[in-house]
Amino acid sequence: MLQEAPTSKASRARFITFEGGEGVGKSTQVKRLLQNLQRHDIEAVRTREPGGTPKAEAIRSFILQGRSESWGPGAEAVLFAAARLDHVNQLIAPNLRNGTWVLSDRFHDSTRAYQGLTGGVDDKLIAGLESLALDGHAPDLTIILDMDPEAAFKRVAERAIEDGLALTGDRFEKEELEWHKKLRDGFLSIARDNPDRCVVISAAQSEDTLEAAIWEAVTQRFPELLRGSQA
Ligand code: Z5A
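Residues numbered from 1 in each chain as written. Predicted model: local features only at pLDDT ≥ 70, side-chain atom pairs only at ≥ 80, totals over all residues. Heavy atoms only, no water.

Student: For this particular structure, what's the right way to read the nonpolar core?
Tutor: Nonpolar side chains tend to gather and get buried jointly when the protein is soluble and globular. Counting residues in hydrophobic clusters, the biggest one holds 35 residues, and the most contacted among them are Ile16, Leu37, Trp101, Ile143, Leu145 and Val218. Secondary-structure elements contributing two or more residues to this core are strand S1 (15-19), helix H2 (26-39), helix H4 (73-97), strand S3 (101-105), strand S4 (141-146), strand S5 (198-202) and helix H9 (207-221). The dominant element in this core, judged by the number of residues it contributes, is H9, at 5 residues. Sequence-distant contacts of Trp101, defined by excluding residues within four places in its chain, comprise Arg12, Ala13, Arg14, Ile16, Leu37, Ile42, Glu43, Ala44, Val45, Phe222 and Leu225. (Core = buried A, V, L, I, M, F, W, Y, C linked by side-chain atoms within 4.5 Å. Buried < 20%, exposed > 50% of the residue type's maximum accessible area, 1.4 Å probe, protein only. Helix = DSSP H or I, 4+ residues; strand = E, 2+ residues; numbered from the N terminus. Contact = heavy atoms within 4.5 Å.)

Student: Just to check I follow, could you spell out the packing of aromatic side chains for this structure?
Tutor: The geometry of two aromatic rings is summed up by the distance between their centres and the angle between their planes. Taken as a whole, this structure holds 5 aromatic pairs when the rule is applied. Both rings, one in Phe62 and one in Trp71, keep their centres 5.3 Å apart while their planes meet at 55°; by these two values the pair is tilted. Residue classification places Phe62 among the partly exposed residues on the basis of a relative accessible area of 22%. Arranged with centres 5.5 Å apart and planes meeting at 85°, the rings of Trp101 and Phe222 form a pair that is edge-to-face. Of this pair, Trp101 sits in strand S3 while Phe222 sits in the loop between H9 and helix H10 (224-230); the two residues are 121 residues apart in sequence, bridging distant segments of the chain. Across the pair, exposure class does not vary: Trp101 and Phe222 are buried alike. (Phe/Tyr/Trp six-rings, centres within 6.5 Å; stacked < 30°, edge-to-face > 60°.)

Student: I tried to follow the site of the ligand on my own but got confused; where do I start?
Tutor: Close to the ligand lie 23 residues, the nearest being Lys26, Ser27, Thr28, Arg106 and Thr111. One nitrogen or oxygen atom from the side chain of Lys26 is found 2.7 Å from an oxygen atom belonging to the ligand. Within the backbone of Gln205, one N or O atom sits 2.8 Å away from a nitrogen atom of the ligand. Compared with its free state, where it exposes 1100 Å², the ligand has 80% of that area covered by protein. For the shell around the ligand, the secondary structure elements donating two or more residues are H2, helix H3 (54-64), H4, helix H5 (108-118) and helix H7 (149-162). By residue class, the composition of the shell around the ligand is 5 nonpolar, 9 polar and 9 charged. (Near = heavy atom within 4 Å. Polar contact = N/O pair within 3.5 Å; in protein donor to acceptor, adjacent residues only side chain to side chain. Areas by Shrake-Rupley, 256 points an atom, 1.4 Å probe, with all protein chains shown as cover. Nonpolar A, V, L, I, M, F, W, Y, C, P; charged D, E, K, R; others polar.)

Written out as structure tokens, the structure is:
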């Protein structure tokens, strides 16, 4: 009689990305999904964008310190793509080849949403950079955490208070809020255009409820996870 290897080892490693606006709970849920996969004997790593490798982290610091802001969204899209190219080549592709699942806190949809749909960078440039940087490594599943940006901002503000950091009062002024609403619509339009890859989940729920909803989406997409645990 043929003995089947445990599903977790036999299945192809999957690449899952988390997307959405600031403060919707991506980092929290990436960590929780990693733990849930590990509880099911799945080897998995978590990473983030921009970043994930030393070179990509250097680009992250440069961008997040605001040093590229005056270059405009087109040049920033190129920088995000340069970081992504290294991230894919050095971390994502090798892990997937070795059978390790990869969970990324943001990926190419952030460039589409921030620099493209909200920043106004031409579609053709975004698509060209995407095909260069991804080199065939599109995510198997993208979880878009969706919530009202004002509520998400409150979470970020509370975190800043907990961490003893000052938050500039004008950061979320009216114009800024409109920008975040446009960003939210951008992520929702990406989901509509890519229904086979994207799942939108309301982030306006408790961390535990959200974790359960994400686990349900992941196991629906990859039912081998549950078959493995029942074996
Ligand atoms: N960017 C870009 O423009 N183009 C690109 O191609 C890429 C990125 C890849 C990265 O910033 C910036 O780069 C980002 C987009 C841009 N700029 N912005 N804005 P980042 O990595 O530093 O920041 P972020 O990705 O926006 O993450 P964040 O602010 O840390 O948010 P989060 O990861 O979604 O949330 P969190 O850290 O898990 O949770 C935030 C707080 O809420 C925290 O105190 C939690 O304890 C709390 N929390 C989490 N979940 C819940 C629930 N369910 N209920 C209540 N409270 C919660």
